[in-house]
Amino acid sequence: MAQNQQELISPAYLVIQQGSQAGKRMELWNECTTIGRSRDCDIFLEDIAVHRIQASIICNVGTYVLHDDHGSGDSFVNGQPVKEQVLQDGDELCFGNTTLIFYAHEATRAFKQASSKGRELHIGKAPDPNASAIAKLDLANVQGGLRTFDLLPEMTIGRSRDCSIFLEDLAVSRLHATIRQLPDGTYELEDNRSATGTFVNGKLARRCTLKEGDIVQIGASKLTFRIARS
């Protein structure tokens, strides 16, 4: 089981924030990960403003250090040019016109089962017990178990523990998406401008009405929308 969990998540990774590669996640498995416009680099950036050999990220006992390999002073961390910089979870890296976010804070921990902590915020908003149908989300975890969430009139999904459905996954934004019930009884999914996107049946979705059997993917988690008939 530990081996399967290791395949799902690396010690750290980068996510591109804009352009044709926006949302692309690049794992930092190596002791030294090279970054540049050369296709020989571990991370190839399609950006003419990036040097062929731009920078490298060195991993040493769980610490990640960015080195400016070109020496031109145009490798930036949080808006500041750096020659060498220890990276922290959430740091913004910029090379040429390409911005990436570095994630590492909890990445070495195995995924926890999603929790519904935060539902107490919705006290008084429980579904009508007289309703003939209740909308649900089924979440299959990495151990093969199934967890079901009854949908309230409005529910949030994200990496914040204040969300209705908490997903401990650094590929998930703190407030990643919201599902709300519309006046006609249907449910609408809205992506809250997340870093890595929300997918419905494999397609990127900003806002859409959910239908029976739709599969919502957020980070590594897949949730199936269904209607339970009473």
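Every value quoted in this text rests on a predicted model; they were computed, and no experiment measured them.

Colleague: Please clarify how the pattern of salt bridges should be interpreted in this entry.
Modeller: Pairing of side chains with opposite charge becomes possible as their charged atoms draw close. Evaluated as defined, the whole model comprises nine salt bridges. Across the pair Arg180 and Glu190 runs a salt bridge, and its minimum N-O distance is 2.8 Å. Here the residue Arg180 occupies a position in strand S16 (residues 177–181), and Glu190 occupies one in strand S17 (residues 187–191), the gap between them amounting to ten residues. Judged by its relative accessible area of 21%, Arg180 is partly exposed. Where Arg207 meets Glu190, a salt bridge forms, and the shortest distance between an N and an O atom there is 3.1 Å.

Colleague: Just to check I follow, could you spell out the nonpolar core for this structure?
Modeller: Looking at soluble globular proteins, one finds that nonpolar side chains tend to be buried together. Ranked by size, the top nonpolar core spans 23 residues in total, and within it Leu137, Leu151, Ile179 and Leu189 carry the most contacts. Here this core takes three residues from strand S12 (residues 133–140), the largest share from any one element. Counting 21 residues, the second largest nonpolar core, distinct from the first, contains Ala12, Leu87, Phe102 and Ala104.

Colleague: Even after reading the chapter, I still don't get the environment of Lys83, so can you show me in this structure?
Modeller: Among the secondary structure elements, Lys83 is positioned in the loop between strand S8 (80–81) and strand S9 (84–86). Under the relative-accessibility criterion, Lys83 is labelled exposed at 52%. Distance in space between the C-alpha atoms of Lys83 and Ala55 is 9.3 Å, their sequence separation being 28 residues. Not counting the four nearest positions on each side in its chain, Lys83 is found in contact with Leu66, His67, Asp68, Gly71, Ser72 and Gly73.

Colleague: Looking at this structure, I do not really get empty space enclosed by the protein. What am I missing?
Modeller: The method is simple in principle: a probe with the dimensions of a water molecule rolls over the atoms, and the space it marks as empty is what remains. Here the structure, examined in full by the defined rule, presents two cavities of 30 Å³ or more. Empty space within the second largest cavity amounts to approximately 30 Å³. In the lining of the second largest cavity, the residues fall into five nonpolar, two polar and no charged.

Colleague: What am I meant to see in unusual backbone geometry here?
Modeller: Of all residues except glycine, most have a negative phi; of all peptide bonds, most are trans. Here the phi dihedral of Arg193 falls at roughly 55 degrees; this positive angle occurs in a residue that is not glycine. Of note, Arg193 is situated in the loop between S17 and strand S18 (198–200). Positive phi outside glycine occurs at Asn201, with the angle close to 55 degrees.

Procedures and definitions
- Residues numbered from 1 in each chain as written.
- Predicted model: local features only at pLDDT ≥ 70, side-chain atom pairs only at ≥ 80, totals over all residues.
- Heavy atoms only, no water.
- Salt bridge = Lys/Arg side-chain N within 4 Å of Asp/Glu carboxyl O.
- Helix = DSSP H or I, 4+ residues; strand = E, 2+ residues; numbered from the N terminus.
- Buried < 20%, exposed > 50% of the residue type's maximum accessible area, 1.4 Å probe, protein only.
- Core = buried A, V, L, I, M, F, W, Y, C linked by side-chain atoms within 4.5 Å.
- Contact = heavy atoms within 4.5 Å.
- 1 Å grid on protein atoms, 1.4 Å probe; cavity = no way out; pocket = protein on both sides within 12 Å on 5 of 7 lines; lining within 4 Å.
- Points joined across faces, edges and corners; volume = space filled by probe spheres on them.
- Nonpolar A, V, L, I, M, F, W, Y, C, P; charged D, E, K, R; others polar.

Purely geometric stuff here, so don't read any function into it on its own.
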